[in-house]
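# Structural overview
Here's the letter readout for the chains.
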Amino acid sequence: MIREKVELQQVVDGLRSEGLLPENSDDTVTAFLESLHETQPWYIRTMVGFGAWLASLLLIGFVGSIGFAADAGFVIVGVLFIGGAIFARMKTENDFMVQSALASSLAGQALLAYGIVEVSGGNDFESVLSIVIVLNGILFFVFPDRIHRVLSILIAMSSLGFLLYSWKFNAVIPVLGPLAAAAMVFFYKRQSVIIASGKGHLIRPLITGLMLTAFGFLLLSTVYILPELRWEFAFYPRPWISTILLGALLLYVGSQVWPQIGAVTGSPERAVFYGLLVAITAAAWAIPGLLLALIVIMSGASSGNRVFIGAGIAFLVVFIATYFYGIQVSMLTKSISLVSTGAAVLAARWLLLKGTAGPVEGGASHA
Amino acid sequence: MTTFKIAASHSNVQELVARLGLSENACSRALQLAELAPGRSDWLRYINHFLATIGALLIVSGVAAFFAWNWADLDYGVKFALIQAGIAGTALLAWRLGIDSMGGRAALFSSAFLVGVLFAVFGQVYQTGADPYGLFVAWSILILPLAIIGRQAALWILFQTLLVLALIMYWTQVIDPPNGWWQLAQLLGPLVWLSSTLMDSTLASLVFALNAVALIAWEYAVNRNVAWVQGRTYPRVIGFGALSSVLIPTFVFIVGASFGETVKLGYISPVLYVAASVAALYYYQFRRPDLLMLTMLVFGAILIFTTLFGRYMPMDTGTILMLAILLIGQVAGAAYWLRKVSRRWEAES
């Protein structure tokens, strides 16, 4: 649905003709376009990645099998693995080396966390999680790789989740997903400013990591524990907290999008639009994941980001599937929630198309 | 200056802006020039398509949940009526939308899929006592006309999958039912069980033959310039199936040798694997260039060679290091060779 017929070279030419490119940038542009042209297809990169991870694990196994005389050995080897991985990643863009560096860094983190806990005598799960959170907080800035940065956020946030469960702060869990989503929306909106300030290498993995974190926490809302297990543990207490927070975020995203759909401020159409968003939120009371999917899809559509739109749709499908088989409510309740939310979405579509019917600029209306 | 035809995607434009250190204004302008910032007409199009899709998806899921809620209490007649209405409705929709349109293709595929659901419910209601392979045979026969009319890869992949399942079911229920430890594989889910059935070289060879014949027939049609078979999805999926059916038994044959787990495994699988790989490497390199097929074949060869090496080396720390070095060498060599082949095709075209 999103057209991608414009070539990158045309964008470069357009910027150059408007004097927006810095002087002597030809070489940088050519090198960048060449690097994109040289990128291997995904299946070859997958093969290389698989080989690199397996080879790295074998090498780590080799080092591990030599044995360590003291617990401090784990710390030293862990630091060496992480340091070596950072150095290798700074020096090369080769697929094999990149994947090997990722595997070495993750193995190094495991060794380092274990070593520190052993040396300090903490010897408990919570200490390991705390070290992993701090370590990944640092590595997010230090490790010069996009995938590693996304993984750092995911590992740190997952560890935070485990830590909260361990401290029996389950009540905070429904807030984490909406918080991650709000941070994602905030940074997504400000990404042009952040890229211009020279932090472009951090912003994209940050946004992706926050989006995946929000997906992960919201999926917890569908976890179903068999009653036969008699396990009094609430994975996701009061999911409606997530619904309210995500509903507010949906309204905010809607307020950013509305000026692009209906131009008149304070018009009845605008009130209808907000009313529909509230209706969708109310209908999705027990299904907060649906609101997150809509937020991601709307954010992606607002800037022609196919990856975001695809991720939002994929999450929607996965969430509905897990919601269908999981969550501790009857099939009838699920049916009513799904049908009413679907009806609200279709009503929103009909009213929006009807309410905004009018002269639509021909073609793209870009630029 | 050399020009490269690269689409201006959101990530490409952002990466370009970051590398050049452009201002915020230049960044916004670049997104505009790439036509990625949607205008009002684009938004209305999104609303039209996205909300219709999401709303329909939610309502269909809700209806499915409703029937799941009271399925056991539904009258048999109602169950059959519902599924048959689904088959008729989707077939009608395919006809209305046109079987070559995206919607029409999806509707026709749904119709073919629901035929299987109908058979499953029929068996459940009447407890016919028939072996499950009969269900797959009947299902494949009934959807064959749809596959011929539909002329779409997805329907033919479904047809081929049903044939393979029917063969595996017939073999494991009538010809040679599994015994011993292999029976336990059934407890680990259908995928594990299906993979475990390939531990019988005779069955694996028959599955390979079934897939190989389908693949050869498809590639023959491609060479005869039949318009609707030109997509590469079918040959790649079926090629993966054919390769797996000889790769898995060869892998287990190597690992299990001397562990007493090779009772039903014979040399036929490794022989077929080598012969098929050599033939396919030649065909997909020189006759029908396909980098994905070559990657699959090369990756399979790396797996087998590394396993062979690991199996016959002494079990010590030196072997672990040797295996790592061997793997690095093979993967790097494979990536280099694939790039070289791709460059040669580019130069020839």
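What this report covers is the structure whose coordinates are included nearby. (Residues numbered from 1 in each chain as written. Chains lettered and ligands numbered in written order. Predicted model: local features only at pLDDT ≥ 70, side-chain atom pairs only at ≥ 80, totals over all residues. Heavy atoms only, no water.)

### Details of the overall build of chain B
The helix and strand tally for chain B stands at 13 helices and zero strands. Reading the secondary structure of chain B in the N-to-C direction produces α-α-α-α-α-α-α-α-α-α-α-α-α. Whereas a compact globule of 349 residues would reach a radius of gyration of roughly 20 Å, chain B reaches 26 Å, over 25% beyond that. With the C-alpha coordinates aligned to their principal axes, the bounding extent of chain B is approximately 70 × 65 × 45 Å. A total of 349 residues make up chain B; the buried ones form 43% of that total. Of the contacts made within chain B by residues no fewer than 6 positions apart, 65% connect residues no fewer than 24 positions apart. (Helix = DSSP H or I, 4+ residues; strand = E, 2+ residues; numbered from the N terminus. Rg over C-alpha atoms; globule rule 2.2 N^0.38 Å. Buried < 20%, exposed > 50% of the residue type's maximum accessible area, 1.4 Å probe, protein only. Contact = heavy atoms within 4.5 Å.)

### Looking at the side chain of Ser337 of chain A
Counting through the fold element by element, Ser337 of chain A comes out in helix α14 (residues 331-355). Sequence-distant contacts of Ser337 of chain A, defined by excluding residues within four places in its chain, comprise Ala283, Ala286, Ile287 and Tyr323 of chain A.

### Digging into the packing of aromatic side chains
All names here are of chain B. According to the stated counting rule, one finds 22 aromatic pairs over all chains in the structure shown. With 6.0 Å between their ring centres and 70° between their planes, Phe113 and Trp139 make a pair best called edge-to-face. Placement of the pair is Phe113 in helix α5 (residues 102-126) and Trp139 in helix α6 (residues 132-150), with a sequence separation of 26 residues. Relative accessible area serves as the criterion here: at 42%, Phe113 is assigned to the partly exposed category. On the basis of relative accessible area, Trp139 is assigned to the buried category, the value being 9%. Pairing Tyr282 with Phe286 gives two aromatic rings, centres 5.4 Å apart and planes at 45°, and the pair type is tilted. In this pair, Tyr282 and Phe286 are both assigned in helix α11 (residues 268-287), four residues apart and thus about one turn of the helix distant. Owing to a relative accessible area of 47%, Tyr282 belongs among the partly exposed residues under this scheme. Take Phe286: its relative accessible area is 49%, and that puts it in the partly exposed class. (Phe/Tyr/Trp six-rings, centres within 6.5 Å; stacked < 30°, edge-to-face > 60°.)

### Description of helix α1 (residues 10-20) of chain B
Burial in α1 of chain B covers these residues: His10, Asn12, Val13, Gln14, Leu16, Val17 and Leu20 of chain B. Its buried side turned inward, α1 of chain B meets α1 (8-17), α2 (26-38), α8 (173-189) and α9 (191-220) of chain A together with α2 (24-33) of chain B. Positive phi shows up at Gly21 of chain B, right after α1 of chain B, with a value of about 60°.

### Things to note about empty space enclosed by the protein
Scanning all chains against the criterion turns up three cavities of 30 Å³ or more. Computed from the structure, the largest cavity encloses a volume of approximately 260 Å³. What lines the largest cavity is a set of 19 residues, and nearest its centre among them are Leu294, Met298 and Leu352 of chain A together with Ile47 and Leu51 of chain B. Elements supplying a minimum of two residues to the lining of the largest cavity: α10 (240-261), α11 (268-283), α12 (288-301) and α14 of chain A together with α3 (40-70) of chain B. (1 Å grid on protein atoms, 1.4 Å probe; cavity = no way out; pocket = protein on both sides within 12 Å on 5 of 7 lines; lining within 4 Å. Points joined across faces, edges and corners; volume = space filled by probe spheres on them.)

### Remarks on the environment of Val318 of chain A
If you trace the backbone, Val318 of chain A turns up in helix α13 (residues 306-325). Through-space distance from the C-alpha of Val318 of chain A to that of Gly289 of chain A is 9.7 Å; in sequence the pair is 29 residues apart.

### Examining the nonpolar core
With 93 residues, the main nonpolar core has Ile173, Met184, Leu246, Leu292 and Ile295 of chain A together with Val13 of chain B as its most contacted residues. With 13 residues, the top contributor of residues to this core is α9 of chain A. Here Ile173 of chain A is in contact with Gly161, Leu164, Tyr165, Phe217, Leu220, Phe235 and Tyr236 of chain A, once residues within four sequence places are set aside. Grouped together as the second largest cluster of nonpolar side chains are 74 residues, Val115, Val121, Trp139 and Phe208 of chain B included. (Core = buried A, V, L, I, M, F, W, Y, C linked by side-chain atoms within 4.5 Å.)

### Re the packing of α9 of chain A against α2 of chain B
Where α9 of chain A contacts α2 of chain B, the axes come no closer than 8 Å and their chain directions differ by 125°. Considered as vectors, α9 of chain A and α2 of chain B are oriented oblique to each other. You can see that α9 of chain A and α2 of chain B cross each other, and the crossing is right-handed. Touching Ser192, Val193 and Ala196 of chain A of α9 of chain A are Glu24, Cys27 and Ser28 of chain B, all from α2 of chain B. The residue makeup of the contact of α9 of chain A with α2 of chain B, split by class, is three nonpolar, two polar and one charged. (Axes fitted to C-alpha atoms, helices over the stretch in contact; angles between N-to-C directions. Parallel < 35°, antiparallel > 145°, perpendicular 65-115°, else oblique. Left-handed = near helix turned anticlockwise from the far one by under 90°. Nonpolar A, V, L, I, M, F, W, Y, C, P; charged D, E, K, R; others polar.)

Scope: geometric values only; no functional claims are made or implied.
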